Amino acid sequence: MQNQSKKVTRREFLGLSALGLTSLTILPSWTMNGVRIAPSDRVVLGFIGLGRQGIGDFHAFTHCPGVQVVAGCDVDSIKNDRFRQAVTAWQRSKGMPERCNTYEFYEQLLERKDIDAIAIATPDHWHALNVIHSCQAGKDVYCQKPLSYNISESLAVVKAVRHNNRIVQIGSQQRSSKEFQTAISMVRNGSLGYVKEVHVRVGEPPAPFNLPEEPVPSNLNFNQWLGPLNFPVVHYNHKMCPPITYPELKETGDWAVWRYYRETGNGFIGDWGAHHFDIAQAALGMDGLTPVEYIPAGYNGTKYATMKYTNGQVVTEQPFREDKPDDKGINFIGEKAWLKVARGYIECSDPNLLQKSEQTFAAGEYEVSAPHMQDFINSVRSRKEPIAPVEAGASTNIFFCNVNIAHELGRPVKWDPVTKRYFDDKEAEAHRLYYYEYRNPYKLPYRDRMI
């Protein structure tokens, strides 16, 4: 092998490996979950990011008939081991060939010619490059929300997706849930009358990074975890990358907290805004568009962060439910009635329009949705747009990034959703949540490139 490696380049070796593995997928029709799948309908997946969310997404995808999983990638070797064990155990239970390769660098996975689509569950600051490079490699993509860390990344991703003619589904799985589909339909069909005001509770903006530095464990390539991040203050702390241990192979403690710091995420405004602002946008028919003015809480007596659309509709970040003010959800206030919706909960002021429904979920139980994954798989096969296309993810990302920019600047910012520019606001344009220079050698493709 050492002698051969001198004669074969890395790219050639990966290409040969992929061709060799492809032969294993060309099998007669087989049955999965009781459904007979033809080889031409099979969708082969690779996963980038194998933490708590990634492993959950894998289990959700296993409920989709005709899906095969052959590879995964993570910067943590223990997470790679866990993923390999989970995949091969599932394959064994279904009578499929047992094979699952794992990689430390996602570029190696993208070299595989036998992979049709990529599922991404990396930290937000990696999403843009992961999606863009996957599209350039000819893969369709299921990307966990939010689409990216900042606005310029989202705009670049949209260009990459359309330039390469790929299918991309954003992991805003609430769009595939019954209560939210009902709410969107009721707003759109006029059941509530004209909706001028929407109250959305998502939570607080991000805080400055302040975790103490700790030694990096040997199983983690933290430099690769940082990737394009160019904020020197960010260093390793176990809360950023929750460790998992043998033999349980489960994370300890809370979900990774990188999402709640300015340098690595967008706080609850982004984490939950990618869900609830997304539903508000969908219901109001604003996919692909955004509010034009963002007024932070406290500015000139403004009690709640207020976002205004060009047609006069207003969204505020405030409690949507008086009896549970800290719960996260949405209240659409129409001329005829109001409609409140959250995970497992929906209620209308007019009982004739809707019967109240409410249920509870265990922690993390709502974070994946097999119907949302199935919608993506259907789109991969049909080449029709999924329920949460890339433009919707980009507009929601622009929405909550501008909420945070206005908050940090302490004043309103005005945005043109057509030109995707600010109205004569150099300070907002210079903000990291609009654009920041990646650290070397990373570059953001498509940033200044037109389709």
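Here the residue numbers are simple positions, counted from 1 along each chain's written sequence. Under the rules for a predicted model, residues below a pLDDT of 70 receive no local features and side-chain atom pairs below 80 are neither given nor counted, while totals for whole chains, interfaces and linings still include all residues. Computation of side-chain values covers all heavy atoms of the structure but excludes hydrogens and water.

Starting at the N terminus, helices and strands are each numbered in turn, a helix being any DSSP run of H or I of at least four residues and a strand any DSSP run of E of at least two. Of the regular secondary structure elements, the chain holds 14 helices and 20 strands. Residue contacts are counted whenever heavy atoms from the two residues lie within 4.5 Å of one another. Residue pairs in contact within the chain that sit at least 24 positions apart in sequence constitute 70% of those at least 6 positions apart. When the accessible area of the chain is evaluated, it comes to approximately 19,400 Å², of which 52% is carbon and sulfur surface. Each accessible area is a Shrake-Rupley estimate made with a 1.4 Å probe; only the visible protein chains count as cover when residues are assessed.

Of all the six residues making up strand S3 (residues 43–48), six are buried; the element is thus mostly covered by neighbouring parts of the structure. Categorising residues by exposure relies on relative accessible area from a 1.4 Å probe, with only protein chains included: less than 20% of the type maximum marks a residue as buried, more than 50% marks it as exposed, and the intermediate range marks it as partly exposed. Of the two faces of S3, the one carrying Val43, Leu45 and Phe47 and the one carrying Val44, Gly46 and Ile48 are both buried. Note: S3 against strand S4 (residues 67–73), six bridges, orientation parallel. Paired with isoleucine 48 across the two strands is cysteine 73, which belongs to S4. When DSSP finds two or more bridges between a pair of strands, those strands are recorded as paired. Taken together, the four bridges between S3 and strand S6 (residues 117–120) define a ladder with parallel strand orientation. By the bridge assignment, isoleucine 48 is partnered in S6 with isoleucine 120.

Let's shift gears to the packing of aromatic side chains. We describe a pair of aromatic rings using the distance from one ring centre to the other and the angle between the two ring planes. Pairs were defined over the aromatic rings of Phe, Tyr and Trp, the Trp ring being its six-membered one, requiring ring centres within 6.5 Å. Orientation was assigned from the angle between planes: stacked under 30 degrees, edge-to-face over 60, tilted for the rest. Evaluated as defined, the whole model comprises 24 aromatic pairs. Pairing phenylalanine 222 with tyrosine 236 gives two aromatic rings, centres 5.6 Å apart and planes at 80°, and the pair type is edge-to-face. Of this pair, phenylalanine 222 sits in helix H9 (residues 222–226) while tyrosine 236 sits in the loop between H9 and strand S10 (244–245), placing them 14 residues apart in sequence. For the pair phenylalanine 222 and tyrosine 236, a shared accessibility class is recorded, and that class is buried. Plain terms: the ring middles of phenylalanine 277 and phenylalanine 399 are 4.4 Å apart, the flat faces sit at 25° to each other, and that makes the pair stacked. With phenylalanine 277 in helix H11 (residues 273–283) and phenylalanine 399 in helix H13 (residues 390–409), the pair connects residues that are 122 residues apart, well separated along the chain. Since its relative accessible area comes to 0%, phenylalanine 277 is described here as buried. Given the relative accessible area of 0%, phenylalanine 399 is considered buried. One aromatic cluster is present, built from ring pairs that chain together Phe47, Phe58, Phe61, Phe83, Trp90, Tyr142 and Phe376.

With that settled, consider unusual backbone geometry. Cis geometry marks the peptide bond from lysine 145 to proline 146; its omega dihedral reads -10°. Considering the arrangement of structural elements, one finds proline 146 in the loop between strand S7 (140–143) and helix H7 (151–163). Following asparagine 440, the chain continues into proline 441 via a peptide bond in cis, with omega recorded as 5°. Note on placement: proline 441 falls in the segment after helix H14 (426–429). In this structure, asparagine 165 takes a positive phi of about 55° despite not being glycine. By the element assignment, asparagine 165 lies in the loop between H7 and strand S8 (168–170). Judged by relative accessible area, which is 61%, asparagine 165 ranks as exposed. Residue lysine 420 is not a glycine yet carries a positive backbone phi of 60°. Here lysine 420 shows up in the loop between strand S19 (413–416) and strand S20 (421–422).

Each residue carries a pLDDT value, the predictor's own confidence for that position, ranging from 0 to 100. Averaged over all residues, the pLDDT of the chain is 89; the fraction at 70 or higher stands at 88%. Counting contacts from residues 1–36, a segment whose pLDDT is below 50, to residues more than four positions away or on other chains yields 50 contacts.

Here the focus is the packing of helix H6 (residues 124–136) against H7. Lines are fitted to the C-alpha atoms to define the axes, a helix being fitted only along its stretch in contact, and any angle between axes, read from their N-to-C directions, falls within 0 to 180 degrees. Here H6 crosses H7 at 15°, and the two axes come no closer than 9 Å. Taken together, the axis directions place H6 and H7 in an arrangement best described as roughly parallel. At the point where H6 passes H7, the crossing takes the left-handed sense. Where H6 abuts H7, its residues His125, Ala128, Val131, Ile132 and Cys135 lie against Glu153, Ala156, Val157, Ala160 and Val161. To sort the angles, those under 35 degrees are grouped as roughly parallel, those over 145 as roughly antiparallel, those from 65 to 115 as roughly perpendicular, and the leftovers as oblique. The handedness criterion is simple: a crossing whose near helix is rotated anticlockwise from the far helix by less than a right angle is left-handed, and one whose near helix is rotated clockwise is right-handed.

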